[in-house]
Amino acid sequence: MPASDTPSVTRRSAMAGAAASAAAASLPPVALAQAPSAAAPAGALEAPVTATLSLTVNGEAQSLELDTRTTLLDALREHLHLTGTKKGCDHGQCGACTVILDGKRVYSCLTLAVMHEGDAVTTIEGLGRPDSLHPMQAAFVKHDGYQCGYCTPGQICASVAMLEEIKAGIPSHVTADLTAAAQTTAEEIRERMSGNICRCGAYSNILDAITEVAERQA
Amino acid sequence: MKPFTYERARSPAEAAAAAARRPGAKFIAGGTNLLDLMKLQIEVPAHLIDVNGLALDKVEPTPEGGLRIGALVRNTDLAADERVRRDYAVLSRALLAGATGQLRNKATTAGNLLQRTRCPYFYDTAQPCNKRQPGSGCAAIGGFTRPLAVIGGSEACIATNPSDMAVAMRALDAVVETVRPDGTTRSIPIAEFHRLPGGTPHIETALEAGELITAVTLPPPAGGRQFYRKVRDRASYAFALVSVAAVVQRDGTGRVALGGVAHKPWRVEGAEAELRRGAKPAMAAILDGARPTPENAFKLALAERTLASVLAEARG
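Residues numbered from 1 in each chain as written. Chains lettered and ligands numbered in written order. Predicted model: local features only at pLDDT ≥ 70, side-chain atom pairs only at ≥ 80, totals over all residues. Heavy atoms only, no water.

The name that an unreviewed UniProt entry assigns to chain B is Xanthine dehydrogenase family protein subunit M, with the source organism given as Belnapia mucosa.

The name given to chain A in an unreviewed UniProt entry is Aldehyde dehydrogenase iron-sulfur subunit, with the source organism recorded as Belnapia mucosa.

### Comments concerning the overall build of chain B
The condition is simple: Secondary structure elements follow DSSP: runs of H or I no shorter than four residues count as helices, runs of E no shorter than two count as strands, and numbering proceeds from the N terminus. Note that the radius of gyration is over C-alpha atoms, with the globule rule given as 2.2 Å times the number of residues to the power 0.38. Type-normalised accessible area, obtained with a 1.4 Å probe on protein chains alone, sets the label of each residue: buried when under 20%, exposed when over 50%, and partly exposed for intermediate values. When checking whether two residues touch, look at their non-hydrogen atoms; a contact exists if any pair is within 4.5 Å. All accessible-area figures derive from a Shrake-Rupley calculation using a 1.4 Å probe, and residue coverage is judged against the displayed protein chains alone. In this tally, Lys and Arg are treated as positive and Asp and Glu as negative; His is ignored, and so are the chain termini. Working definition for charges: the position is that of NZ of Lys, CZ of Arg, CG of Asp or CD of Glu.
Within chain B, the secondary structure is distributed over 12 helices and 11 strands. Taking 316 residues into account, the globule formula puts the C-alpha radius of gyration at 20 Å, and chain B, at 19 Å, falls close to it. Principal-axis analysis of the C-alpha atoms gives chain B an extent of 55 × 50 × 35 Å. Looking at chain B residue by residue over its 316 residues, the buried ones come to 57%. Long-range contacts, defined here as pairs at least 24 residues apart, represent 62% of the contacts in chain B between residues at least 6 apart. Here chain B displays about 12200 Å² of accessible surface, and carbon together with sulfur accounts for 51% of that area. Mean positive and mean negative side-chain charge positions of chain B (41 and 31 charges, respectively) differ by 4 Å.

### Some details on the overall build of chain A
Along its length, chain A carries 7 helices and 5 strands. Written out in order from the N terminus, the α and β elements of chain A read α-β-β-α-β-β-β-α-α-α-α-α. The buried share of chain A, taken over its 218 residues, is 44%. Pairs at least 24 apart in sequence give 53% of the contacts found in chain A among residues at least 6 apart. Split by element, the accessible area of chain A, about 11000 Å² in all, is 56% carbon and sulfur.

### Description of the UniProt feature "domain: FAD-binding PCMH-type" (unreviewed entry) in chain B
Our working definition: UniProt positions are given in the numbering used here, feature names are shortened, and annotations may be inferred rather than shown by experiment.
Feature annotation in UniProt assigns "domain: FAD-binding PCMH-type" (unreviewed entry) to the following positions: residues 1-223 of chain B. End C-alpha atoms of residues 1-223 of chain B are separated by 46 Å, and the span's content is 28% helix alongside 16% strand.

### With respect to empty space enclosed by the protein
Residues and elements named next belong to chain B. The following threshold applies: We place a 1 Å grid over just the protein atoms. Points where a 1.4 Å probe fits but has no way out form a cavity, open points with protein on both sides within 12 Å along at least 5 of 7 lines form a pocket, and any residue with an atom within 4 Å of a point lines it. Grid points are joined across faces, edges and corners, and a volume is the space filled by probe spheres set on the points. The nonpolar class holds Ala, Val, Leu, Ile, Met, Phe, Trp, Tyr, Cys and Pro. Asp, Glu, Lys and Arg form the charged class, and all remaining residues, Gly among them, are polar.
In total, this model carries 5 cavities of 30 Å³ or more according to the counting rule given. As for the largest cavity, its lining consists of 13 residues, of which Gln115, Lys131, Asn161, Glu204 and His263 are closest to the centre. Taken together, the residues of the lining of the largest cavity sort by class into 3 nonpolar, 7 polar and 3 charged. By volume, the second largest cavity amounts to about 80 Å³. Along the walls of the second largest cavity sit 16 residues, with Cys119, Cys129, Cys138, Ala140 and Cys157 positioned nearest its centre.

### Some words on the confidence of the model for chain B
To keep it simple, the criterion reads: Note: pLDDT gives the predictor's confidence per residue, expressed from 0 to 100.
On average, residues of chain B score 98 in pLDDT, and 100% of them are at 70 or above. Model confidence for the complex: the whole-complex pTM is 0.93, and ipTM, which rates the interface, is 0.97.

### Observations regarding the side chain of Thr217(B)
Residue and element names in this part refer to chain B. Inclusion rule: Distance and chemistry together define a polar contact, namely a pair of N or O atoms within 3.5 Å, with one atom able to donate a hydrogen and the other to accept it when in protein, and with adjacent residues in sequence counting only for side-chain atoms on both sides.
In this structure, Thr217 sits in strand S8 (residues 212-218). Classification of Thr217 as buried rests on a relative accessible area of 15%. A polar contact of 2.5 Å, which involves the side chain of Thr217, links it to the side chain of Glu177. In this structure Thr217 touches Thr62, Leu67, Arg68, Ala174, Val175 and Glu177, once residues within four positions along its chain are discounted.

### A few points about the sheet that holds strand S4 (residues 59-61) of chain B
All names here are of chain B. Definition in use: Any two strands between which DSSP finds at least two bridges are classified as paired. Think of each axis as a best-fit line through the C-alpha atoms, taken over the contacting stretch in the case of a helix, with angles from 0 to 180 degrees between the N-to-C directions.
Read across the sheet, 5 strands follow the order S4-S5-S8-S6-S7 without closing on themselves; strand pairing throughout is antiparallel. Looking along the sheet, the strands with just one partner apiece sit at the ends: S4 and strand S7 (185-189). Strand-to-strand, the axes of this sheet are offset by a mean angle of 25°, without reference to chain direction. Two strands pair when backbone bridges link them, and strand S5 (residues 67-70) and S8 are joined in this way by 4 bridges, in the antiparallel orientation. Along S8, the bridge assignment pairs Gly70 with Ala215.

### Overview of the packing of helix H5 (residues 152-167) of chain A against helix H7 (residues 203-217) of chain A
Each pair of packed helices can be summarised by the angle the axes make with each other and by the distance between the axes. Residue and element names in this part refer to chain A. Selection criterion: Put simply, angles under 35 degrees are roughly parallel, angles over 145 are roughly antiparallel, angles from 65 to 115 are roughly perpendicular, and the rest are oblique. Handedness of a crossing follows from how the near helix is turned relative to the far one, being left-handed for an anticlockwise turn of less than a right angle and right-handed for a clockwise one.
It is the contact of H5 with H7, at a shortest axis distance of 11 Å, that shows an interaxial angle of 40°. It follows from the interaxial angle that H5 and H7 lie oblique. With respect to the hand of their crossing, H5 and H7 are arranged in right-handed fashion. Residues Gln155, Ser159, Met162, Leu163 and Lys167 of H5 lie in contact with H7, whose contacting residues are Ile206, Ile210, Val213, Ala214 and Gln217. Residues of the contact of H5 with H7, tallied by class, amount to 6 nonpolar, 3 polar and 1 charged.

### Brief notes about the domain arrangement of chain A
Residues and elements named next belong to chain A. Spelled out, the test is: Note that domain bounds follow an automatic or database assignment of domains. Simply put, the buried area is the total loss of 1.4 Å probe accessible area from both parts when two parts are fitted together. Note on definitions: salt bridges are taken to be side-chain nitrogens of Lys or Arg within 4 Å of carboxyl oxygens of Asp or Glu.
You can read the domains of chain A as domain 1 (49-127) and domain 2 (128-218). For domain 1 and domain 2, the distance between their C-alpha centres works out to 21 Å. Each partner contributes residues to the interface: domain 1 has 18 residues there, and domain 2 has 19 residues. It is Arg105, Ile124 and Leu127 in domain 1 that bury the most area against domain 2; as a group they hold 45% of the surface buried on that side. Linking domain 1 to domain 2 there are 1 salt bridge. In this structure, the salt-bridge partner of Glu165 is Arg105, at a minimum N-O distance of 3.0 Å. Linking domain 1 with domain 2 are 7 residue pairs in polar contact (both at pLDDT 80 or more). Listed by contribution, the elements that provide at least two residues to the side of domain 1 that touches domain 2 are strand S3 (98-101), strand S4 (104-107) and helix H3 (124-127).

Listed below in structure tokens is the structure:
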């Protein structure tokens, strides 16, 4: 059978379909978020509020209508279907959701999408493509800088922006002389990447990958 | 998160007035602490006022020879500012000892001052907490107290202030500038900005309802050698067990503020005369009246030894 006749079912679309039918079977038509809360504080709203938002993601202009509660992470994953950015802890403790916002690395789980009108976001999908990897992506492959891969998009976005921070002269906790230019030593890279956790423990290979890119850029 | 309405503020005074008009309103800037707490429903604002568009993101010299730091200056940018690195190194060091690169890129100067405690009982909504739910009691007292306050606590609360930046600002005699809902402005010395818990631990600062921080002013450089030494359970991205912010002059005089020990950055100006006699008498005076628990009494010895290490480096 020619490949083009095969229905394109990915693991993700199969799981999404299963989740949608399960939800349809078990939930009443009114969303749970609208159920009255017994312990609502004074002035509390019960109905969701929506807002419109325009921003640029990986070079493409996007317009969205979102619940104000939507984090930048959920806007990327659930609304723009850019699922390369991962949700780990959802509380700014793990780094899996790291994206590059107007040139700076941030945790996309700890910022609201509506706060980013007009901003430019780069996700792992915007750094490189399978046929044209970003040098940091290629270095992670070469040095085996992962096991399960879940933290990898965040590690790569964080490390790309981190090297720019060193170039811009931003010091770190381990920079010995605050008035001198920071160096790309192993100690500096480890400290500056402490906001990205790898539960598989691929740290030494992640360090090798970042070091190679840093040395090539120097 | 609970639903909320959202607006973008156009000026500091309008933001303050808008906050006073809406019960349950909160300002949002970096959002790194507020959104974490909103997801846990520890904070449940009905309205958010986004202040990011206000032009409060500059570090400028003052006529007196100090620096005026806009409320929205990000922690990364403040730590990297050449004047701060050169003349207020204790502040740069404190900022760099806190959080992670991603958080420092978002977190603001004013937001850092307004960080809520990381007391585990404040975060656990199944537990009583006078700070989260006034009058409900304190599960920390008699509970797991290792990270909690050793001085300045009350029968209602033994939480600590988590900020590193504020400890350095306390050593530097910073002043917090604000605008109130009626448009008037005022200057609050940092010593008076954070409160001890007393019977109202949910009231953490001197700010009135709707009052917005616009800047933090630093006096002219204090000179000397400046240190921020933070002791924590892991080498990076952890809150302080104890931290010491110090400005030490050539003649051995100086200033010391402590983090990780109290509900506010802890400084006792009257104890600083003891600094020339060494860390032991100085820390005994700074922590006079401490009421540690068996679990966190180690902080007293740790604070003394951390100060001893700083004074040794200052002499060397």
